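Notes for the structure review
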Amino acid sequence: MTRAYQNYIAGEWCDSDSGRRFDNVNPADHSDIVGTFPKSTSQDVDRAVRAASEAFYQWSLTPAPVRGEIMKKAGDLLVERKEEIAQVMTREMGKVIAETRGDTQEGIDTAYYAFGESRRMFGRTVPSELPNKYNMTTRMPLGVVGVITPWNFPLAIPTWKLFPALTCGNTVVFKSATDTPATATTFVEILLEAGVPSGVVNLVHGGGSEVGEALVDHQDIAAISFTGSSAVGKRIHSRAGGELKRVSLELGGKNAQIVMDDADLDLALEGVLWGAFGTTGQRCTATSRLILHKKIHDRFIEMLEAATSKLRLGNGLDEEVQVGPVINLGARENIHEYVQIGKKEGAQLILGGEPATGGDLDKGTFYQPTIFTGVIPGMRIHDEEIFGPVLSVIETVDLSEAIAILNATQYGLSSSLYTQRIDAAFVAMRDIECGITYINGPTIGAECHMPFGGAKNTGNGHREGGYGPYDFFSETKTIYVDYSGKLQRAQIDNR
Ligand code: UN1
């Protein structure tokens, strides 16, 4: 029997007011329905926000280290259920089991980071300019925050947002991605078992236009944290910005790996295979451009073509499989459309370029790992995010041109340089306009305690990972305590 999942609102598992449901389908095998989920409405969102508002004051009074212990317990429960979570995650969104185990581990690491941070969240004490007066800053929570997450990191990204939001003392309304609501549900179950009180976390399943927009527009939401496409991010920013809500956006990328003529080519090859075709290219940090020095271009392309054509596609539950399906039919059509555009633009398609079919691949939505050479800035396959296993190769003459090409997009998330020259590495670290730069490593694979996010149109300047979200999910409060017993005036000329 297919499990009928529910929303979690005001401390209860419940169906949507709409009475409607949607299916969560395995992209590697469309006959496998992971579950059915409520198609929620703005009324459901409203109930969730009200519950979160009511729970807020009490939760904000709970000492931060006590909140942190709950996050620690959630981390322990994630450890216990890691394999089960990874299996369901692979079923609902397709990435290979080693990656879904990694996604779960990232959630565990983020829980333990929150546990540690709950005993810091430092303010400052600063000398006063007046005698017998004490100045300090503390952090205070924002209130009810809305969290909207993507399907490609179904556990890790929700944990990046919920653990800091809760540790800071906020209450949460969480809209799961429609392609990965099962993992979101398990995460909420774990938070409850760990001791998150009734009303503090609310889960509402359903689409962006109903649930997402109702959340963004709701009067009682103090902040929105969103990871997803730039198009949706811009809409959220203008709607929420109009109401002066705080917004954290982590959006698209068009990340490049540069390989210089002095690079260790075997290492660079491993890097680009993982960066471009890991997660089937469906990461905002995926390597979707490869910038090759002309001296090694032809040799590297030969190596790349040979290695890419050996990648094993299939159902990610099979431990031998390296590349899973793409998330759904719409995504596959979009990827295929970009391949047609690339051909029309005059790039050379040297590998792939078609849906991957035959045998078990026919059960799902697979796409062949695809490589274009002869790509130049200005082509749409160079400039636009494709979010699939399509790699565009650009030839370059030197490092400064390579960096100029790398920077020639509207995005600025991740970047990578393979070189053995320390001067080249430092020039790249200085001149690349991205939030993340790897030297001799691929563009993917952030560590949870390091700032994560991008420059330019990749976001609006916030960072996830590490301490950044603790700043985002709290407000600075400045406190003055005057113990002089008389009126002391600052901003008056006392001298
Ligand atoms: C995303 O794809 O939306 O560093 C973010 C990385 C991953 C990216 C997750 N943590 O590659």
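Rules of the game
Position numbers for residues count from 1 along each chain, tracking the sequence in the order it is written. With the structure being a predicted model, the display of local features is reserved for residues of pLDDT at least 70 and the display and counting of side-chain atom pairs for 80 or more, all residues being used for whole-chain, interface and lining totals. The side-chain values count all of the structure's non-hydrogen atoms but skip hydrogen atoms and water molecules. Residue types Ala, Val, Leu, Ile, Met, Phe, Trp, Tyr and Cys, when buried and joined through side-chain atoms within 4.5 Å, form a set referred to as a nonpolar core. Residue burial is assigned from relative accessible area. The probe radius is 1.4 Å, only protein chains are included, and a residue is buried under 20% of its type maximum, exposed over 50%, and partly exposed in between. Each helix is a run of DSSP H or I of at least 4 residues and each strand a run of E of at least 2, with the numbering of both proceeding from the N terminus. In this description, contact between two residues means that some pair of their heavy atoms is separated by no more than 4.5 Å. The span one expects for a helix is its residue count, reduced by one, times 1.5 Å. Salt bridges are defined by distance alone: a side-chain nitrogen of Lys or Arg within 4 Å of a carboxyl oxygen of Asp or Glu. At least two DSSP bridges between two strands are required for those strands to pair. Throughout, an axis means a line fitted to C-alpha atoms (over the contacting stretch in the case of helices), and angles, computed between N-to-C directions, take values from 0 to 180 degrees. Any residue with a heavy atom positioned within 4 Å of a molecule or strand is treated as near that molecule or strand. Under this definition, polar contacts are N or O atom pairs within 3.5 Å; protein pairs additionally need one hydrogen-donor-capable and one acceptor-capable atom, and for neighbouring residues in sequence, both atoms have to be side-chain atoms. Using the Shrake-Rupley algorithm and a 1.4 Å probe, accessible areas are obtained, with residue cover drawn only from the displayed protein chains. Residues were grouped as follows: Ala, Val, Leu, Ile, Met, Phe, Trp, Tyr, Cys and Pro as nonpolar; Asp, Glu, Lys and Arg as charged; and all remaining residues, including Gly, as polar. Each domain span listed reflects an automatic or database assignment of domains. In what follows, a disulfide is any cysteine sulfur pair within 2.5 Å. We define buried area as the total accessible area lost by two parts upon association, computed with a 1.4 Å probe and summed across both.

1. Side note on the nonpolar core
Grouped together as the largest cluster of nonpolar side chains are 46 residues, with contacts concentrated most on Leu162, Phe163, Leu166, Val172, Phe174 and Leu191. For this core, the leading source of residues is helix 6 (residues 181-194), giving seven residues. Once you skip the residues sitting within four places of it in the chain, Phe174 turns out to touch Val147, Thr149, Pro158, Leu162, Ala184, Phe187, Val188, Asn202, Leu203 and Val204.

2. Concerning helix 6
For helix 6, with 14 residues, the first-to-last C-alpha span of 20 Å sits near the 20 Å given by 1.5 Å per residue. The buried fraction of helix 6 amounts to 12 of the 14 residues, a majority that puts the element mostly inside the structure. In the stretch just after helix 6, Gly195 is the one whose phi turns positive, near 120 degrees.

3. Here we look at the pattern of salt bridges
Applying the stated criterion to the full structure yields 26 salt bridges. As a salt-bridge pair, Asp318 and Arg312 come within 3.5 Å of each other at their nearest N and O atoms. The residue Asp431 makes a salt bridge to Arg430 at a minimum N-O spacing of 2.8 Å. Overall, Arg430 belongs to the exposed group, its relative accessible area being 61%.

4. What about the sheet that holds strand 16 (residues 390-396)?
The strand order 14-15-16-13-12-18-19 describes an open sheet built from seven strands, whose pairing is mixed. Only two strands of the sheet have a single partner each, and these edge strands are strand 14 (348-351) and strand 19 (436-439). Strand-to-strand twist in this sheet, taken as the mean axis angle between neighbours without regard to direction, amounts to 25 degrees. As defined by bridge partners, strand 15 (residues 370-373) adjoins strand 16 across three bridges and the pair is classed as parallel. What sits directly across from Phe372, in strand 16, is Ser392. Taken strand by strand, helix 9 (residues 265-277) contacts strand 12 (255-259), strand 13 (287-293), strand 15, strand 16 and strand 18 (414-418), and its axis lies near 170 degrees from that of strand 12.

5. Considering the site of the ligand
Around the ligand, the structure places 13 residues, and the nearest of them are Arg283, Cys284, Thr285, Gly445 and Ala446. The contact in question runs from an oxygen atom of the ligand to an N or O atom on the side chain of Asn152, over 3.0 Å. Relative to its unbound accessible area of 320 Å², the ligand is 97% covered by the protein chains. For the shell around the ligand, the class distribution of residues is seven nonpolar, four polar and two charged. Viewed by domain, the shell around the ligand spans two of them, domain 1 (7-251 + 459-478) and domain 2 (255-439), each represented by three or more residues.

6. Describing the state of the cysteines
In protein structure, a disulfide is the covalent linkage between the sulfur atoms of two cysteines. Under the defined criterion, the tally for this structure stands at zero disulfides. Between Cys448, a free cysteine, and Cys168, which holds the nearest cysteine sulfur, the sulfur-to-sulfur gap is 15 Å. Residue classification places Cys448 among the buried residues on the basis of a relative accessible area of 12%.

7. As for the side chain of Thr396
Mapped onto the elements, Thr396 comes out in strand 16. Judged by relative accessible area, Thr396 falls into the buried class, the value being 1%. Reaching out from Thr396, the side chain makes a polar contact with the backbone nitrogen of Ala402 at a distance of 3.3 Å.

8. Observations concerning the sheet that holds strand 21 (residues 474-482)
The strand order across the open sheet built from three strands is 5-6-21, with neighbouring strands paired in antiparallel fashion. The outermost strands of the open sheet, each flanked by one partner alone, are strand 5 (125-127) and strand 21. With direction set aside, neighbouring strand axes in the sheet form an average angle of 25 degrees. Looking at chain direction, strand 5 and strand 6 (residues 133-141) are connected through three bridges and run antiparallel. The residue bridging Pro127 from the neighbouring strand is Tyr134, located in strand 6.

9. Here's the deal with unusual backbone geometry
Here Thr279, not a glycine, exhibits a phi torsion of approximately 55 degrees, which is positive. Along the chain, the position of Thr279 falls in the loop between helix 9 and strand 13.

10. A word on the domain arrangement of the protein
Taken as a whole, the protein is organised into domain 1 (7-251 + 459-478) and domain 2 (255-439). Each of domain 1 and domain 2 has a C-alpha centre, and these two points are 31 Å apart. Every contact between the two is made by 23 residues of domain 1 and, on the other side, 28 residues of domain 2. Looking only at domain 1, the three residues that lose the most surface to domain 2 are Ala28, Glu99 and Trp151, adding up to 24% of its buried area. Here domain 1 is connected to domain 2 by two salt bridges.

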